[in-house]
Amino acid sequence: MLKNLLAHIQEEGVFEQLYHSLVGVEIEEHRIDNTGRLSQAPYPKNLGSRKYHPYLQSDFSESMSELISDPNPNIGGLLNQVDTLQTVLYRSINDQESIWPLSMPPALNHDDLQFIKDHFGRPAYQKYRDYLTEKYGVSRKIVTGIHVNFSIPDPVINRLYLHYRDQFNSLVAFKNALYFQLTQNVVLHRWLLTYLFGASPIAEAGYLNDVVNELVDHPVRSLRNSIYGYVNNPEDQVNVTLYSSLNNYIDTITKAIDEGHLYSTAEFYGPVRLRGQAQLEDYRKKGIGYLEFRVFDNTPFTPNGISRHALYFLKFFLIYLLVTPVDQTTIKQRLAQSFDDNNRVALESPDQPTFKQQAGVELFDQLLKMAKSLHAHSEQLQALDDFSEVMTHPELTASAMLLPHIQDNSLMAFGLSVAKQWKKNRLNQPLLLPAMPHLSAAAQQLIFQAIRLGIRYFVVHDEDGEVLLMLTYHNLTQVVYPKKIEKKDPVEYLYDLFPEIKDVAVEP
């Protein structure tokens, strides 16, 4: 158990560095047609090949886009990049398409399901995809959501390790203990994230052959985070108690794969995934690189799926969970109870107080106390205050705010209206990339086309403060001064910088 972690953070004066831990997001969302059905148009040909694209991918269905941000220590910078990636996607889909704003898929009929089964444009994943289709069916595999990635700065880990050398025989062991304490606490407190950020109150027609609508007779907080959402089957033998220790996590998933219950680590759908190593066994000796949290519904009240306020809260909440010791004596029982608690919260009526309300109030008291002791920034305190109010006012949750929009047990009309408005708002902006108003039109064009082709970009400044762009494809990085590209065609200029990309950027 990691005791006195908060005291050591204060002693070392590393809270500010800790608050600048890296955060990245992966946003799943569907292309839809003008009627609100899943689009049957091919994946956009004007986007670079999904074989290598760092920012824009697709998932189980061709309609299911995935936006992947770079990790960023700054929430504002992260959301600016997300906004830029969204803008590129919106300007790359066809005129009859828009983006579905909800986690639960639109209404599905037999033809929709058959089309998804028959059309898949990533040959390298075809065998795995066929396996998933046979095992889970289509509808559960096209539920979308937000994945948040989180990593602690290495300098913070190194400084804190000085206080735990007698407890851990290596820096890697200490690093793993830090990350796994956070992992366990997120799982134990998952119910709070489901309460605050649940936004999937109903399933549309065709989801799981409408079985869910027979079993759940009222709108809920989050179908996606319930047993009817994106979860492993009970017989897969990877239930939530695998988080009882790092060794148990590794051994349980490895055994499930070896015995044929799981295809690979990619089929483990737990609320937290360890990330940073290619092989499970490597986590023991090389260490956890970062964590992936997979519990967030797409929020239909913000065009990027997750709000700035939510990320401010989440970052501070993760620090609180990081420094909170976990009693290991009854950990398996508590993990099992946390699964039941989360499912109960997920299936509660969203406009009613949760059965965990008192626990939530006490938790926010502790969060606010810690924030004041650490002299937290105003935006952090404001986020904590606001979500503390949501804890006692369930009508302020996203799921509850969706209730007035349900018509005939459907959010189709609402979802389509929001999708069309979001697209109109993006395409009517005066700038090509509104999140980059300080860049010239030529620089925005270059970044826009670089993202389309799958070239990584970074906006930096030279020693004189002049803006320059760093563009990277594979292991080649090129530095570009925007003022030198004013009259050049951006695509041809990128082909000149990265000759190899011209042929591979086109989907096979």
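Residues numbered from 1 in each chain as written. Predicted model: local features only at pLDDT ≥ 70, side-chain atom pairs only at ≥ 80, totals over all residues. Heavy atoms only, no water.

Trainee: Honestly, the overall build of the protein chain in this entry has me stumped. Any pointers?
Mentor: Across its full length, the protein chain holds 20 helices and 10 strands. Radius of gyration (C-alpha) of the protein chain: 23 Å, near the 23 Å computed for a compact globule of 508 residues. Its C-alpha atoms give the protein chain principal-axis dimensions of roughly 65 × 60 × 45 Å. Classification of the 508 residues of the protein chain by burial places 57% in the buried group. (Helix = DSSP H or I, 4+ residues; strand = E, 2+ residues; numbered from the N terminus. Rg over C-alpha atoms; globule rule 2.2 N^0.38 Å. Buried < 20%, exposed > 50% of the residue type's maximum accessible area, 1.4 Å probe, protein only.)

Trainee: Help me understand the nonpolar core in this model?
Mentor: Here is a general trend for soluble globular proteins: nonpolar side chains tend to be buried in one another's company. Of all hydrophobic cores here, the largest spans 166 residues; its most connected members are Tyr243, Tyr249, Phe313 and Leu471. With 13 residues, the single largest contributor to this core is helix α12 (residues 308-323). For tyrosine 243, the contacting residues outside a window of four places in its chain are Phe180, Thr183, Gln184, Val187, Tyr249, Phe268, Gly270, Pro271, Val272 and Leu335. (Core = buried A, V, L, I, M, F, W, Y, C linked by side-chain atoms within 4.5 Å. Contact = heavy atoms within 4.5 Å.)

Trainee: Whenever I open this one, the pattern of salt bridges confuses me. Can you help?
Mentor: This model, assessed by the stated rule, comprises 18 salt bridges. The salt bridge involving arginine 31 is made with glutamate 97; its shortest N-O contact spans 2.5 Å. Separated by 66 residues along the polypeptide, arginine 31 in strand β1 (residues 22-32) and glutamate 97 in the loop between α3 (75-90) and β4 (98-99) bring together distant segments of the chain. Each of the two residues, arginine 31 as well as glutamate 97, counts as buried. Between aspartate 251 and arginine 284 there is a salt bridge whose closest N-O contact spans 2.6 Å. Linking aspartate 251 in helix α10 (residues 246-258) with arginine 284 in helix α11 (residues 282-286), this pair joins segments that are 33 residues apart in sequence. Classification of aspartate 251 by relative accessible area gives partly exposed; the value is 40%. When its relative accessible area of 27% is taken as the criterion, arginine 284 is described as partly exposed. Counted as one network, the salt bridges with shared partners bring together Arg273, Arg275, Glu292 and Arg294. (Salt bridge = Lys/Arg side-chain N within 4 Å of Asp/Glu carboxyl O.)

Trainee: What's the story with helix α6 (residues 154-161) in this structure? I'm lost.
Mentor: Residues that lie three or four places apart on an α-helix share one face, since the helix turns once every 3.6 residues. Three or more residues of α6 are buried, namely Val156, Ile157, Leu160 and Tyr161. Taken around the axis of α6, the buried residues stretch over an arc of 130°, which confines them to a single face. Next to the buried residues of α6 lie α1 (5-12), α2 (15-19) and α7 (171-188). (Arc of directions from axis to C-beta.)

Trainee: Can you help me understand the packing of aromatic side chains in this one?
Mentor: Any two aromatic rings considered together are summarised by their centre-to-centre distance and by the angle between their planes. Under the defined criterion, the tally for this structure stands at 24 aromatic pairs. Considering the side-chain rings of tyrosine 161 and phenylalanine 174, the 5.6 Å spacing of their centres and the 35° angle between planes classify their relative orientation as tilted. Of the two residues, tyrosine 161 is situated in helix α6 and phenylalanine 174 in helix α7; the sequence distance between them amounts to 13 residues. The structure contains a cluster of three or more aromatic residues connected by ring pairs, namely Phe197, Phe296, Phe313, Phe317, Phe364 and Phe387. Between arginine 129 and the ring centre of phenylalanine 60, over which it is positioned, the NZ or CZ distance is 4.6 Å. (Phe/Tyr/Trp six-rings, centres within 6.5 Å; stacked < 30°, edge-to-face > 60°. Lys NZ or Arg CZ within 6 Å of the ring centre and 35° of its normal.)

Trainee: Could you clarify how one ought to interpret the packing of α12 against helix α14 (residues 357-373) in this entry?
Mentor: Think of two packed helices as two axes; the pair is described by the angle between the axes and how far apart they sit. Taken N-terminus to C-terminus, the directions of α12 and α14 make an angle of 95°; their axes are 11 Å apart at the nearest point. The angle between α12 and α14 falls in the class roughly perpendicular. Judged by residue contacts, Phe313, Phe316, Phe317, Ile319, Tyr320 and Val323 of α12 engage Leu363, Phe364, Gln366, Leu367, Met370 and Ala371 from α14. Residue composition of the contact of α12 with α14, grouped by class: 11 nonpolar, one polar and no charged. (Axes fitted to C-alpha atoms, helices over the stretch in contact; angles between N-to-C directions. Parallel < 35°, antiparallel > 145°, perpendicular 65-115°, else oblique. Nonpolar A, V, L, I, M, F, W, Y, C, P; charged D, E, K, R; others polar.)

Trainee: How do you make sense of helix α19 (residues 490-497) when you look at a structure like this?
Mentor: For α19, the set of buried residues is Pro490, Tyr493, Leu494, Tyr495 and Leu497. Check the buried side of α19 and you find it contacts α18 (441-453), β9 (467-473), β10 (476-480) and α20 (501-504). The N-cap of α19, judged by a side-chain oxygen 3.1 Å from the amide nitrogen of valine 491 a few residues on, is aspartate 489. (Polar contact = N/O pair within 3.5 Å; in protein donor to acceptor, adjacent residues only side chain to side chain.)

Trainee: Would you explain the sheet that holds strand β8 (residues 456-461) in this entry?
Mentor: Paired through their backbone hydrogen bonds, the strands of a sheet run either parallel or antiparallel. Reading across the sheet, the three strands line up as β8-β9-β10 and stay open at both edges, with antiparallel pairing between neighbours. One side of each edge strand has no neighbouring strand; the edge strands of this open sheet are β8 and β10. Strand after strand, the sheet turns through a mean of 20° between neighbouring axes, direction not considered. Running over the sheet, α19 touches β9 and β10 and is turned about 135° from β10. (Pairing = 2+ DSSP bridges.)

Trainee: Help me understand the environment of lysine 420 in this model?
Mentor: Along the chain, lysine 420 turns up in helix α17 (residues 412-427). Its relative accessible area of 40% is what places lysine 420 among the partly exposed residues. Separated by 388 residues in sequence, lysine 420 and isoleucine 32 place their C-alpha atoms 10.0 Å apart. Here lysine 420 is in contact with Asn34 and Ser98, once residues within four sequence places are set aside. In terms of polar contacts, lysine 420 uses its side chain to reach the backbone carbonyl oxygen of asparagine 34, at 3.4 Å.

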